[in-house]
Each structure stands twice: as C-alpha cells, then as structure tokens.
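As a plain string of letters, each chain reads:
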Amino acid sequence: MAVATRGIEREISSLQMEEKKLVAEIKKTAKTGNEAATKILARQLVRLRQQIVNLQGSRAQIRGVATHTQALYASTSMSTGMKGATKAMTAMNKQMAPAKQVKVIREFQKQSSQLDMTIEMMSESIDETLDKDEAEEETEELTNQVLDEIGVDIASQLSSAPKGRIASKKVENVAPPSSDSADIEELEKRLASLRRI
C-alpha cells in the first residue's frame, strides 16, 4: 500500500506540472485572440484537474485502508499477546497452587506469633530476674541504713566476736543474763524483722 501511495503521489505531481504548463498555454492563446483553441485548452485543463482530484481521492482511500489494516494488525497482536498471557497465568496458577500458598502463609503467621510469645516470655523472665537482684540490693541498703540510724555497727561487733570453736563446758552455776545480752537479743530480733521486709 505504501508503494501504491507513492505511485499515486508521483502521478499527481506530474499532472500538477502539466496543469501549470496548460494554464500558461491558455494565457498565450488567449492573448493571440484564438477563442476556439482557448476553449479546447480550457476543457483539457478541467479534465486534468478532475483527474488530479480523483487521484487525491484514491490516495486518501489507500491511506485509510492502510490505517485500518494497521489497526487490525495491532488488534490481532494484542489478542495474541493476551492469549499468551492467559496461558502463562493459567500455568502459573497451576504451579503456585493458591490453596498451598494460603496454607504456607497461615503456617508462617502461626510460627511468627509463637516466636513473638516466646520472645515476650523470655524478656519478662529476664526483667523479673533483674528486678529481684535490684530488690535484694535495695533491701540490703535499706537494712544497713536502718541499722546505721539506730547506731548498730555490725562490722565492729563482728570483729570483736570470738573466733574459732567454743569448747563446750558444763557449767553448773549459770549466771543470770545481764542487761547487755538482753539488748543484743532485742537488736537481733529487730534485724531479723527488717530482713523479712
């Protein structure tokens, strides 16, 4: 069609050149006063212009057919491509097996939630352990602070205490407990009650 269009365009351009020549000849014969020759040349010019118009119409029709053919070719290519894409998607769906994919996704979500729970439990137990250590340190600090407030220096009392084993002797006459031992017992009771806090 492109070749036919080019051929028609060449024919139109040659007829247009012929038209120019004919117009020049008509002007020349009109100047000489030959009316019969001028009329004949005018009829030829009219026919020539009709041929040009007909050829231009043919060229337009050929271009329209070419455009329509290209549109049909594009439509055919698109339908072929869609057919191929449909086949590919069908094959992919068969291989992917959507039911299996859903099962895998659910299993992944289940394992992920279990992992999250495990991590949370571990972090809670670690926090509890750290809190216990901190609580014991705070308890010891509080106990020492209270003992300092009441004026008991455990370190000095421990350093003055006798070291080693004490030999067991039978004492027949046991002296009644003095006021110092009563004070120590009372302090030991307070210390024990503070340690329970």
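These remarks concern the structure in this document. (Residues numbered from 1 in each chain as written. Predicted model: local features only at pLDDT ≥ 70, side-chain atom pairs only at ≥ 80, totals over all residues. Heavy atoms only, no water.)

**Re the overall build of the protein chain**
Here is the rule: In DSSP terms, a helix is any run of H or I states spanning at least four residues, a strand is any run of E spanning at least two, and both are numbered starting from the N terminus. Summary of the burial criterion: residues with accessible area below 20% of their type's maximum are buried, those above 50% are exposed, and those between are partly exposed, where the area comes from a 1.4 Å probe applied to protein chains only. Note on definitions: a residue-residue contact is assigned when non-hydrogen atoms from the two residues lie within 4.5 Å.
The number of helices and strands found in the protein chain is five helices and zero strands. Reading the helices (α) and strands (β) of the protein chain from amino to carboxyl end gives α-α-α-α-α. Here the protein chain holds 197 residues, and 11% of them are scored as buried. The long-range fraction of contacts in the protein chain, counting pairs at least 24 apart against all pairs at least 6 apart in sequence, stands at 76%.

**Digging into the side chain of Thr 38**
Defined as follows: Each polar contact in these results corresponds to two N or O atoms within 3.5 Å; when the atoms are within protein, one needs to be able to donate a hydrogen and the other to accept it, and residues that are neighboring in sequence are counted only if both atoms are side-chain atoms.
Tracing the backbone shows Thr 38 in helix α2 (residues 35-96). Among the polar contacts made by the side chain of Thr 38, one reaches the side chain of Thr 29 at a distance of 3.4 Å.

**Some points on helix α1 (residues 2-32)**
In plain terms, the rule: Under the convention used throughout, the expected extent of a helix is 1.5 Å for every residue step, that is, one less than its residue count.
With 31 residues, α1 extends 46 Å from end C-alpha to end C-alpha; this agrees with the ideal 45 Å at 1.5 Å per step. Three or more residues of α1 are buried, namely Thr 5, Ile 8, Ile 12, Leu 15, Glu 19, Leu 22, Ile 26 and Thr 29. With its phi angle positive at about 90 degrees, Gly 33 sits one or two positions after the end of α1.

**Observations regarding the side chain of Thr 5**
Looking at where Thr 5 falls in the secondary structure, it is placed in helix α1. For Thr 5, the contacting residues outside a window of four places in its chain are Arg 59, Ile 62 and Arg 63.

**Quick notes on the pattern of salt bridges**
Note the threshold: By definition here, a salt bridge exists when the distance from a side-chain nitrogen of Lys or Arg to a carboxyl oxygen of Asp or Glu is within 4 Å.
This structure, assessed with the given rule, holds two salt bridges. Notably, a salt bridge pairs Arg 63 with Glu 9, separated by 2.4 Å at the nearest N-O pair. Taken together, the positions of Arg 63 in helix α2 and Glu 9 in helix α1 put the pair 54 residues apart, joining distant regions of the chain. Residue classification places Glu 9 among the partly exposed positions, given a relative accessible area of 28%. One salt bridge connects Glu 19 with Arg 49, and the closest N-O pair in it is separated by 2.5 Å. One end of the pair, Glu 19, is in helix α1; the other, Arg 49, is in helix α2, and 30 residues separate them in sequence. The exposure class assigned to Glu 19 is buried, which follows from its relative accessible area of 17%.

**Focus: a negative patch on the surface**
Our working definition: Patch membership is restricted to residues that have no salt bridge and whose relative accessible area is over 30%. Joining uses 9 Å for like charges and 5 Å for the nonpolar side chains Val, Leu, Ile, Met, Phe, Trp and Tyr. Note that accessible areas follow from Shrake-Rupley with a 1.4 Å probe, and for residues the cover is restricted to the protein chains shown. Positive charge is attributed to Lys and Arg, negative charge to Asp and Glu, and no charge count is given to His or to the chain ends. Where a charge lies is defined by one atom per residue type: Lys uses NZ, Arg uses CZ, Asp uses CG and Glu uses CD.
A contiguous patch of negative charge, built from Asp 116, Glu 120, Glu 124, Asp 127 and Glu 128, is present on the exposed surface. Structurally, Asp 116 is set in helix α3 (residues 98-150). Among the residues examined, Asp 116 registers a relative accessible area of 46% and is labelled partly exposed.

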